[in-house]
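Below, each chain spelled out in residue letters.
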Amino acid sequence: MRLSINGKPHDLDVEPEMPLLWVIRDVVNLTGTKFSCGVAACGACTVLIDGQPVRTCVTPVGSVSETAEITTIEGLASGDELTPVQAAWVEHQAPQCGFCQSGQILAATALLSQTPEPTDEEIDAAMTNICRCGSYPRIRKAIHAAARAQAETLRAAAGEGASNDER
Amino acid sequence: MTNVENEATQQTEAGGERPKRKGPSRRLLILGGLAAGGGIAIGAALSPFSRLNEQRAMVGRPGESVLLSSLRIAPDDSITVIYPHADMGTGVGTALAQILADELDADWDNVRIERAPGETAFANGALGQAYVRGDTEIPAPLAGLSWLVTRRLAETMNLQITGGSTAIAMTGMEGMRHAGASARYMLTRAAAKSWGVPVEEVDIKGGRIIHASGKSAGFGEFAEAGLEYDPPARLPFKSKSAYTQIGKSRPRFDIPAKVNGEAIYSGDVRLPGMVFAAIRLSPVPGGVLESVDAAPASGRRGVVKVATLPNAVAVFADNFWRAREAVRALDPVWSPGENAQLSSAETIKSMEAAVRSSGLKKDHARGGAARTIEEAGEGAIERVYTVPYLAHAAMETVGCVAWMHDGELEIWGAFQDALVAKYQAAKTAGIPSDRVKVHHTEMGGAFGRRGYTIDFLDHAVRLAQQTDAPVNLIYTREEDMTQDYYRNASVARMRAVLGEDGRPQALSHHYAERHDPKDASRFPYDVSGLDVRFANGNSAAPWGAWRSVDHSIHGFFIECFIDELAHEAGQDPYIYRRALLEHNPRMLAVLDAAAEMSGWSSFSGADGSALGIAIKESFGTVVCEVAEVRISDTGAVSVPNVWVAADPGLVVNPDGFIQQMESGVVYGLTAALYGEIEFENGQVVQQNFWDYPMVRMADCPNIEVKVLESGARTGGAGEPGTPPIAAAVANGVFALTGKRIRQLPLSPPGAQLGA
Ligand code: FES
Ligand code: FES
């Protein structure tokens, strides 16, 4: 079978029931996606499939469409340029041990793509990943900050677009 | 046995013959805490420089100078601070670098950090250097840890302890400051000589070596020349008012790699030919494997081998999922051994009986409290509190990589003490420790689990002995949770007699299971008679240090009971505590700060909430927490706000410290609300996060932290946030409902509230 991960195609010869997590980690060797509970209870293994957050420890690889675009933590930044969510994570010093953070960042990325300026309640509902280090208060702040940064980028882009139109 | 011990012996017998280091600092090291407790006094002469050649070989880089065991300087003036600790997620490396950089007046933009190798040469950075300075006592929290008591100090000197929240206090405020001052000594002398000026006229400012004439140079220029100078054991340190790095919230060095997937944990290690191992250990602690039929696993795709250990069966495969599925397919026959009947319910019953028995051991006592309480009979206030077993449940399950090849053993993993890991691995493998190399990986949390309870390392080594391939052993969540070393359950019988004024005259605290630190049961309030006793030996479950260790237990017992006494005395619990802490201005200031932050005095509670307060000093840091508590219609407790006031004496990285307070609160709150490990028929009942639940974003409070700096000896950050929270919440529940919580956890929601 064939999967597209972070824009790269991968030809795979694996059991269809193998969870996507292990394909990503042990076959493709992208180790930023973490294993913690294995039962969809913690979110450490979250990746984006066509922009939707998915807990890959319980997602058989055979159930993933060959045309789907899979984004892992390694696929967010382009070079050294962090996404607004990653930058906000650094700015607010969210990670402690860091083990849950790939999943947190991807869950937040998905949230902001659907709800650009989430309320605290929307953050509570969307961010169900476990962090044993207790980084939740900083994650909350970082999400609000990333939302603001994204909105500014959009406004700036809109502004540029407008001036381009005028020209 | 070890070099250190030899040195120690030499030192004790011959008294200081190393030529350049004579003087008062080379005296016998007597540990205040230990000498008082067990009469142990051990001599050791450790120079941070004595192993410099060895250290240089290990952390040297072409063209760079290893000035000290903790400092490498490159020609471009960048300096690398090498720190002998594990980073458990607390950012300790950054804080340690701040301390060194401050004393040296380095330019922060030029500072990097590096984890010291897990090699003996890098042991004792803190203890050794602090000792050499000669004016240092080992702080009480460190001295109180059992591994210091039970292992000889000589051996301890060979550790890279991370635990007991001591990294900043010891390695930092002693070792790193000394290293910074030493580097300053060396660089200024080298520059003075080259410039032909008196050293008194040379200084370091803002990362430059400068002379009064205006001449200046970077560190790189004189690093090599600085090696000629051997700094004395005692060097003057900067005064607090001159600090430029200490007290600044510097971003943590480790964070960028934790937002882009680059940070490597042991499960992420990839080596040529490596196999992944999934393990099943005897479900009953101490049990052994009788037999297992390998057939259901062997034919499976990717499976390389079915391996057995005396107490486990494991499968090696080319990826972890295949290994895990295969090991699950097996049907091992276990012989459970003597713990077959182990039951936490029975254990707690036996603790309840024990704390009422007469044969308790003395913790500390004064003022004839036992008699006062006996005589008061029914007039004494008596309460019994119970806390359950707890698992660590770090997000990263335990495991590590082991590879036996060419008579050597290489380990990749995260250990709170890399040297203990090295010695233990050597012992398990039956090879000398100089044939073992430990490569550090990031640590996905530990909270005590990866300190001295690193059985997973033994398993990895024994599995690696059965193959030529590197073995990446990963525990499933279920194995991690059921094969932990648990925070013990405990029961306390608390009794007190109050005087006319409502103040306690005598207090007795009888509890089950005493571990570390020994001051955890200290009653901080003013009371003339105290009778603190304990019963050990009721708990057969595997024990391990759990964030803040015994403080997590006594924080609940003492702070719930004092709250009850306030109520009995008809006083506000904050005001009552206040009156009983007048002799302790440090605690009083922290108590007042937390109360003020929370608006305690004007809090109306009109909207169905109430406040609870608790204070605990642990690891040299005083922390007071006020929790706002609400109860839903279904009886579930929620905690929308927590106000934390904390005094660590001095704070190195305020934001890092605040982060640790937040972390400690959330960790303790999870335990208070949900945490309970039970044993039935010798086996742990809880398996995964669905039955050992965690606080998540939606139930995480807003946490506001205020840092006070009393100037007391620098305390810890990683642990002290945890002990007060359970009592603060329980006291808040009482304030709201009139129902006392005397047993943790508070869940299942409403269970004890009769809602
Ligand atoms: S590992 Fe997939 S949700 Fe926990
Ligand atoms: S940062 Fe450690 S588990 Fe979240």
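This structure is a prediction, so every number in the text was calculated from the model and none was measured.

Where do I start with the interface of chain A and chain B in this structure?
Note: interface size is frequently given as the accessible area lost on complex formation between the parts. Between chain A and chain B, the contact holds 51 residues from the first and 60 residues from the second. A combined buried area of about 4500 Å² lies between chain A and chain B, and 56% of that area is made up of carbon and sulfur atoms. Viewed at the interface, chain B and chain A are joined by eight salt bridges. Arg 138 of chain A is paired through a salt bridge with Glu 662 of chain B; the nearest N and O atoms lie 2.7 Å apart. Remark: the boundary between chain A and chain B carries 34 residue pairs in polar contact (both at pLDDT 80 or more). Contributing elements (two or more residues each) for the side of chain A that touches chain B: α1 (20-27), α2 (84-91), α3 (101-114), α4 (120-126) and α5 (136-166) of chain A. No other element matches the five residues that α5 of chain A contributes to the side of chain A that touches chain B.

Can you walk me through the sheet that holds strand β6 (residues 208-211) of chain B in this structure?
In a beta sheet, neighbouring strands are held together by backbone hydrogen bonds and run either parallel or antiparallel to one another. Residue and element names in this part refer to chain B. One open sheet accounts for three strands, arranged β5-β6-β7; its pairing is antiparallel. A strand with exactly one partner marks an edge of an open sheet, and here the two such strands are β5 (202-205) and β7 (216-217). Direction of pairing for β6 relative to β7: antiparallel, over a ladder of two bridges. Bridging from a neighbouring strand, Ile 210 pairs with Ser 216 of β7.

So what exactly am I meant to see when it comes to α3 of chain A here?
Residues spaced three or four apart along an α-helix point in a common direction, a consequence of the helix completing one turn every 3.6 residues. Spanning 14 residues, α3 of chain A covers 20 Å between terminal C-alpha atoms, matching the ideal 20 Å at 1.5 Å per step. Buried within α3 of chain A we find Gln 101, Ser 102, Gly 103, Gln 104, Ile 105, Leu 106, Ala 107, Ala 108, Thr 109, Ala 110, Leu 111 and Leu 112 of chain A.

What should I look at first to understand the packing of helix α21 (residues 654-673) of chain B against helix α22 (residues 725-737) of chain B in this one?
When two helices pack together, their arrangement is given by the angle between the helix axes and by the axis-to-axis distance. Residue and element names in this part refer to chain B. Remark: α21 packs on α22, axes separated minimally by 8 Å, with the N-to-C direction vectors making an angle of 55 degrees. Taken together, α21 and α22 sit at an angle that is classed as oblique. Handedness of the α21/α22 crossing: right-handed. Together, Val 665, Gly 668, Leu 669 and Ala 672 of α21 and Ile 725, Ala 726 and Val 729 of α22 make up the contact between the two elements. A breakdown of the residues in the contact of α21 with α22 according to their chemical character gives six nonpolar, one polar and no charged.

Looking at this structure, how should I read the nonpolar core?
Inside soluble globular proteins, nonpolar side chains tend to come together where they are buried. In terms of nonpolar packing, the biggest core is built from 140 residues, with Trp 89 of chain A together with Phe 556 and Val 729 of chain B touching the most fellow members. Contacts of Trp 89 of chain A, omitting those with residues within four sequence positions, involve Ala 94, Pro 95, Gln 101, Gln 104, Ile 105, Ala 108, Ile 139, Ala 142 and Ile 143 of chain A together with Val 259 of chain B. Listed in part, the 43 residues of the second largest apolar core include Leu 3, Leu 12 and Leu 30 of chain A together with Ala 278 of chain B.

Honestly, the pattern of salt bridges in this entry has me stumped. Any pointers?
Residues and elements named next belong to chain B. Tallied over the entire structure, the rule returns 49 salt bridges over all chains. Lys 258 serves as the salt-bridge partner of Glu 442, at 3.7 Å between the closest nitrogen and oxygen. Here Lys 258 lies in the loop between α10 (219-226) and β8 (275-281) and Glu 442 lies in the loop between β17 (436-440) and α16 (455-464), a separation of 184 residues in the sequence.

Teacher, can you tell me more about the packing of aromatic side chains here?
Any pair of aromatic rings gets described here by the distance separating the centres and the angle formed by the planes. Under the criterion given, the structure shown has 18 aromatic pairs over all chains. Measuring from ring centre to ring centre gives 5.7 Å for Phe 35 of chain A and Phe 320 of chain B, while their planes differ by 45 degrees; the resulting arrangement is tilted. Of the two residues, Phe 35 of chain A sits in the loop between α1 and β3 (46-49) while Phe 320 of chain B sits in helix α12 (residues 320-328), which places them in two different chains. Taken as a pair, Phe 35 of chain A and Phe 320 of chain B share a single burial class, namely buried. Taking 5.0 Å as the distance between ring centres and 90 degrees as the angle between the ring planes, the aromatic pair formed by Phe 99 of chain A and Tyr 265 of chain B counts as edge-to-face. Here Tyr 265 of chain B lies in the loop between α10 and β8 and Phe 99 of chain A lies in the loop between α2 and α3, a pairing that spans two chains. A single burial state applies to Phe 99 of chain A and to Tyr 265 of chain B, both of which are buried. The structure contains a cluster of three or more aromatic residues connected by ring pairs, namely Tyr 385, Phe 556, Phe 557 and Phe 561 of chain B. One residue, Arg 189 of chain B, lies across the ring of Tyr 185 of chain B, its end atom 3.7 Å from the ring centre. Its guanidinium or amino end placed over the ring of Tyr 667 of chain B, Arg 547 of chain B lies 5.3 Å from that ring's centre, counting from NZ or CZ.

What should I look at first to understand the sheet that holds strand β21 (residues 529-535) of chain B in this one?
All names here are of chain B. In space, the five strands of this open sheet follow the order β13-β21-β20-β19-β14, with mixed pairing throughout. The open sheet has two edge strands, β13 (361-366) and β14 (381-387), and neither has a second partner. On average, each strand axis in the sheet is inclined to that of its neighbour by 10 degrees, with strand direction left out of account. Two strands pair when backbone bridges link them, and strand β20 (residues 504-512) and β21 are joined in this way by seven bridges, in the parallel orientation. Note that in β21 the partner of Tyr 511 across the bridge is Phe 534. Along the sheet, helix α13 (residues 344-354) contacts β14, β19 (490-498), β20 and β21; its crossing angle with β19, the most-contacted strand, is approximately 30 degrees.

When you look at the domain arrangement of chain A in this model, what are you seeing that I'm missing?
Residues and elements named next belong to chain A. With domains assigned, chain A is organised as domain 1 (1-75) and domain 2 (77-167). Counting from both sides, the interface comprises 20 residues of domain 1 and, opposite them, 15 residues of domain 2. Taken together, both faces of the contact between domain 1 and domain 2 bury some 1200 Å²; the carbon and sulfur share is 57%. Taken together, the connections running from domain 1 to domain 2 amount to zero salt bridges.

Hey, could you run me through α21 of chain B in this one?
With 20 residues, α21 of chain B ought to run about 28 Å at 1.5 Å a step, and its terminal C-alpha atoms sit 28 Å apart, in line with that. For α21 of chain B, a buried count of 18 out of 20 residues is recorded, marking the element as mostly surrounded by other parts of the structure.

So, how was this worked out
- Residues numbered from 1 in each chain as written.
- Chains lettered and ligands numbered in written order.
- Predicted model: local features only at pLDDT ≥ 70, side-chain atom pairs only at ≥ 80, totals over all residues.
- Heavy atoms only, no water.
- Contact = heavy atoms within 4.5 Å.
- Buried area = accessible area lost by both parts, 1.4 Å probe.
- Salt bridge = Lys/Arg side-chain N within 4 Å of Asp/Glu carboxyl O.
- Polar contact = N/O pair within 3.5 Å; in protein donor to acceptor, adjacent residues only side chain to side chain.
- Helix = DSSP H or I, 4+ residues; strand = E, 2+ residues; numbered from the N terminus.
- Pairing = 2+ DSSP bridges.
- Expected span 1.5 Å × (residues − 1).
- Buried < 20%, exposed > 50% of the residue type's maximum accessible area, 1.4 Å probe, protein only.
- Axes fitted to C-alpha atoms, helices over the stretch in contact; angles between N-to-C directions.
- Parallel < 35°, antiparallel > 145°, perpendicular 65-115°, else oblique.
- Left-handed = near helix turned anticlockwise from the far one by under 90°.
- Nonpolar A, V, L, I, M, F, W, Y, C, P; charged D, E, K, R; others polar.
- Core = buried A, V, L, I, M, F, W, Y, C linked by side-chain atoms within 4.5 Å.
- Phe/Tyr/Trp six-rings, centres within 6.5 Å; stacked < 30°, edge-to-face > 60°.
- Lys NZ or Arg CZ within 6 Å of the ring centre and 35° of its normal.
- Domains from an automatic or database assignment.

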